Amino acid sequence: MLRLKEHDSRLFVLRGNPLKILPELVKALDAKHLTFEKDTEPYALYRDGEVMKELKDYSCDVASFTSHTLFDPESLLKPPETDYEKNIWKRGVPPLTYRAFISKALKAESNGDCVPLPIPAPTKIPSAYTSLDNLIEALGPEVAGPNGDFSVPSSEELNLELPSKEEESPHKGGETVALERMNSFLKDKARVINFKKPETAPTAFYPTASTTILSPYLKFGCLSPRLFHQELWAIEKPALKTSSKPPESLRGQLLWREFFYLCGYAVPGFDSMKQNPICLQMEWKCPQKGDSSPHLEAWREGRTGFPWIDAAMTQLRKEGWIHHLARHAVACFLTRGNLYISWERGAEVFEELLLDADWSLNSANWLWLSASAFFTQYFRVYSPIVFPKKTDPDGNYVRHWIPALKHMPPKYIYEPWTAPLDVQRRAKCIIGKDYPRPIVDHAETRKINLALMKEAYQGADYGQPNGAEIIQGKRK
Ligand code: FAD
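Before going into details, it helps to say that this report is about the structure given with it. (Residues numbered from 1 in each chain as written. Predicted model: local features only at pLDDT ≥ 70, side-chain atom pairs only at ≥ 80, totals over all residues. Heavy atoms only, no water.)

1. Focus on the overall build of the protein
- Within the protein, the secondary structure is distributed over 18 helices and two strands.
- A compact globule built from 476 residues should have a C-alpha radius of gyration of about 23 Å, and the protein, at 25 Å, falls within 12% of that.
- Within the span of the protein, comprising 476 residues, buried residues form 47% of the whole.
- Long-range pairs, those at least 24 residues apart, make up 72% of the contacts in the protein with a sequence separation of at least 6.
- In the form shown here, the protein has an accessible surface area of approximately 24300 Å², with 53% of it arising from carbon and sulfur atoms.
- Separation of charge centres in the protein, based on 61 positive and 60 negative side chains, amounts to 7 Å. (Helix = DSSP H or I, 4+ residues; strand = E, 2+ residues; numbered from the N terminus. Rg over C-alpha atoms; globule rule 2.2 N^0.38 Å. Buried < 20%, exposed > 50% of the residue type's maximum accessible area, 1.4 Å probe, protein only. Contact = heavy atoms within 4.5 Å. Areas by Shrake-Rupley, 256 points an atom, 1.4 Å probe, with all protein chains shown as cover. Lys, Arg positive; Asp, Glu negative; His and termini not counted. Charge placed at Lys NZ, Arg CZ, Asp CG, Glu CD.)

2. Comments concerning the pairing of strand β2 (residues 61-65)
- The sheet contact formed by strand β1 (residues 33-37) and β2 spans five bridges and is parallel. Residue pairing in the sheet places Glu-37 in a bridge with Phe-65 of β2.
- As a crossover connection, the stretch from β1 through helix α2 (residues 42-54) into β2 is right-handed. (Pairing = 2+ DSSP bridges. Right-handed = clockwise from strand over helix to strand, strands pointing away.)

3. Some remarks on the pattern of salt bridges
- Counting across every chain of the model gives 21 salt bridges.
- Lys-237 serves as the salt-bridge partner of Asp-113, at 3.1 Å between the closest nitrogen and oxygen. In this pair, Asp-113 sits in the loop between α4 (98-106) and α5 (133-139) while Lys-237 sits in the loop between α9 (225-236) and α10 (250-266), placing the two residues 124 residues apart along the sequence.
- The class for Lys-237 is partly exposed, based on a relative accessible area of 41%.
- Residues Glu-168 and Lys-172 are paired through a salt bridge, measuring 3.1 Å at the closest nitrogen-oxygen approach.
- The exposure class of Glu-168 is partly exposed, given its relative accessible area of 31%.
- Salt bridges sharing partners connect three or more residues here, namely Lys-165, Glu-168 and Lys-172. (Salt bridge = Lys/Arg side-chain N within 4 Å of Asp/Glu carboxyl O.)

4. Concerning the site of the ligand
- Around the ligand, the structure places 29 residues, and the nearest of them are Lys-197, Thr-211, Thr-212, Ile-213 and His-324.
- For the ligand, an oxygen atom lies 3.4 Å from a polar atom in the backbone of Gln-253.
- The contact in question runs from an oxygen atom of the ligand to an N or O atom on the side chain of His-324, over 2.7 Å.
- Here the ligand, which alone exposes 820 Å², has 99% of that area covered by the protein.
- Broken down by secondary-structure element, the contributors of at least two residues to the shell around the ligand are α8 (215-220), α10, α13 (324-337) and α15 (359-369).
- Counting residues per element, the shell around the ligand draws most heavily on α10, at six residues.
- Classifying every residue of the shell around the ligand by side-chain character gives 16 nonpolar, eight polar and five charged. (Near = heavy atom within 4 Å. Polar contact = N/O pair within 3.5 Å; in protein donor to acceptor, adjacent residues only side chain to side chain. Nonpolar A, V, L, I, M, F, W, Y, C, P; charged D, E, K, R; others polar.)

5. Describing the packing of aromatic side chains
- Enumeration according to the criterion identifies 28 aromatic pairs in this entry.
- Look at Phe-259 and Phe-374: their rings are 5.6 Å apart centre to centre, the planes differ by 70 degrees, and that puts the pair in the edge-to-face class. One end of the pair, Phe-259, is in helix α10; the other, Phe-374, is in the loop between α15 and α16 (396-401), with 115 residues separating them in the sequence.
- Overall, the relative accessible area of 1% leaves Phe-259 in the buried class.
- An aromatic cluster is defined as three or more aromatic residues linked by ring pairs; in this entry it consists of Tyr-98, Phe-101, Trp-256, Phe-259, Phe-260, Phe-270, Trp-359, Trp-368, Phe-374 and Phe-375.
- Note that Arg-191 overlies the ring of Phe-185, its terminal NZ or CZ placed 3.8 Å from the centroid. (Phe/Tyr/Trp six-rings, centres within 6.5 Å; stacked < 30°, edge-to-face > 60°. Lys NZ or Arg CZ within 6 Å of the ring centre and 35° of its normal.)

6. Here's the deal with the side chain of Thr-335
- Within the fold, Thr-335 resides in helix α13.
- By relative accessible area, which is 0% here, Thr-335 ends up buried.
- From its side chain, Thr-335 meets the backbone oxygen of Ala-331 in a polar contact 2.7 Å long.
- Setting aside residues up to four positions removed in sequence, Thr-335 forms contacts with Trp-284, Tyr-340, Ile-341, Ser-342, Trp-343, Trp-366, Leu-369, Ser-370 and Asn-449.

7. A short note on the state of the cysteines
- Under the definition given, this model contains zero disulfides.
- Of the cysteine sulfurs around Cys-279, a residue in no disulfide, the closest is that of Cys-263, at 13 Å. (Disulfide = S-S within 2.5 Å.)

8. What to know about unusual backbone geometry
- Residue Tyr-206 is joined to Pro-207 through a cis peptide bond whose omega torsion reads 5 degrees.
- Within the secondary structure, Pro-207 is located in the loop between α7 (189-194) and α8.
- Cis geometry is found at the peptide bond from Pro-246 to Pro-247, where omega equals 10 degrees.
- In this fold, Pro-247 is placed in the loop between α9 and α10.
- Not every positive phi belongs to a glycine, and Asp-8 is a case in point at roughly 60 degrees.
- Here Asp-8 is to be found in the segment before α1 (18-29).
- Its relative accessible area of 57% is what places Asp-8 among the exposed residues.
- If you check the backbone angles, Asp-30 has positive phi at about 50 degrees while not being a glycine.
- By the element assignment, Asp-30 lies in the loop between α1 and β1.
- Given the relative accessible area of 41%, Asp-30 is considered partly exposed.

9. Brief notes about empty space enclosed by the protein
- Taken as a whole and assessed by the stated rule, the structure comprises three cavities of 30 Å³ or more.
- Every residue along the wall of the largest cavity is listed here: Lys-38, Asp-39, Thr-40, Thr-66, Ser-67, His-68, Thr-69, Asp-72, Pro-73 and Tyr-261.
- When its residues are assigned to classes, the lining of the largest cavity shows two nonpolar, five polar and three charged.
- Of the pockets and cavities examined, the second largest cavity occupies roughly 40 Å³.
- If you go around the second largest cavity, the residues you meet are Trp-308, Ile-309, Ala-329, Cys-332, Phe-333, Asn-338, Tyr-382, Ser-383 and Pro-384.
- Contributing elements (two or more residues each) for the lining of the second largest cavity: α12 (307-319) and α13.
- Here the lining of the second largest cavity is built from residues that sort into seven nonpolar, two polar and no charged. (1 Å grid on protein atoms, 1.4 Å probe; cavity = no way out; pocket = protein on both sides within 12 Å on 5 of 7 lines; lining within 4 Å. Points joined across faces, edges and corners; volume = space filled by probe spheres on them.)

Read these as geometric descriptors, not functional statements.
So, in structure tokens, the structure goes:
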């Protein structure tokens, strides 16, 4: 960890369009080096490409480095060979299954030694500029912000309404918290060695969550994935014979992140159905951006009448994080399970509400959960009634997030509409008045949707990347 202030340095935040400001900055400072982190998202690739183009003929070395992922995605792509591959995979052919990814990335499944190590933080860095008047003169006063000092923008400047103390998420930002959280989770070596993601409880939540809650820190770069991997590998390696393995192990989770980053980089139109060559084409409801429906709104606001779904959506809204299997449950419910609404609408809601919202990971997981790509067992539908009972038969998670159901007896907690009226009265929760009736019949919608999914799978049509002429129209 390097604290800039302790090294007589600081962060300068420039306001403006990076496409314009960055080349101007380099020229105004007569900088000889411009370095930045490699980013794989479409807008970032465009932005970085434009800046590099602008500086092509300028005497400044431009270099970018992989640090947000374990591997440089480019290094894991295969050059396209056939005409089909050349048409689709402009950046190279990615492995499209986790297994294929692991064998490519790690050579052997368990070989964590292949993962690049984190680079130690420098012990010394040059002092920061003391006067930036020249810069303000060259670029205009607005780049320096309202105080003219290039400081980190305040919430007022960003026009953000801050939550009250009671409404604040318990997940605080920064590297210090990230390292504390990582170290505290890793202290329990037996838990790390035996970690199996499908066996962790989605109904446990902060401060006793069953997984690390490191996703927001990895997303924002507060925690280096290489450091996390190094620490994990140090625990797993000596116990390899007995430890859990990818994809279920904790290291396996970090490798899911890698795999999905790689796919996000290589697959054209990754976040869309129509332009994505690995995405099954389906006749979802609410297919367009901006489409709405009473079902979509009820899901988003946590008032579907299914307590497990509503509790998870409430936790998401309040804390900005929910367990992976809770994400499974609400995503399945919205798409192929019950509401048959486009996964793209679900991804948009997650993008808005998740603290760890991450373009590649969000798109990949929605593709998975809607059985549009990666996962094909569309007939495995989560029951919003049976699934949470496994880890929380008394429904304490629901009682915490939905106070209206606080006194509902465990027998009815996941399907309160079946409680006799006198039970509802005693629980001070009349269904339809104090808590909504279910917006759909689970068994009925599941059956209808399974038939639709079966049809889509039999047709097996995939998206077409913009402008590409797909040789055979179907996935190879
Ligand atoms: P842990 O189990 O402790 O795992 C450690 C780290 O591994 C995580 O922090 C994360 O970086 C990575 N990881 C774990 N599971 C996955 C996964 N399935 N895919 C990719 N990386 C994974 N994760 C995000 O970080 N951002 C998102 O926008 C996001 N959207 C999702 C949308 C849906 C519909 C689903 C089902 C999952 C989504 N995930 C997303 C993946 C996963 O749910 C979270 O990464 C995980 O729950 C974060 O909690 P954790 O840090 O305690 O995970």
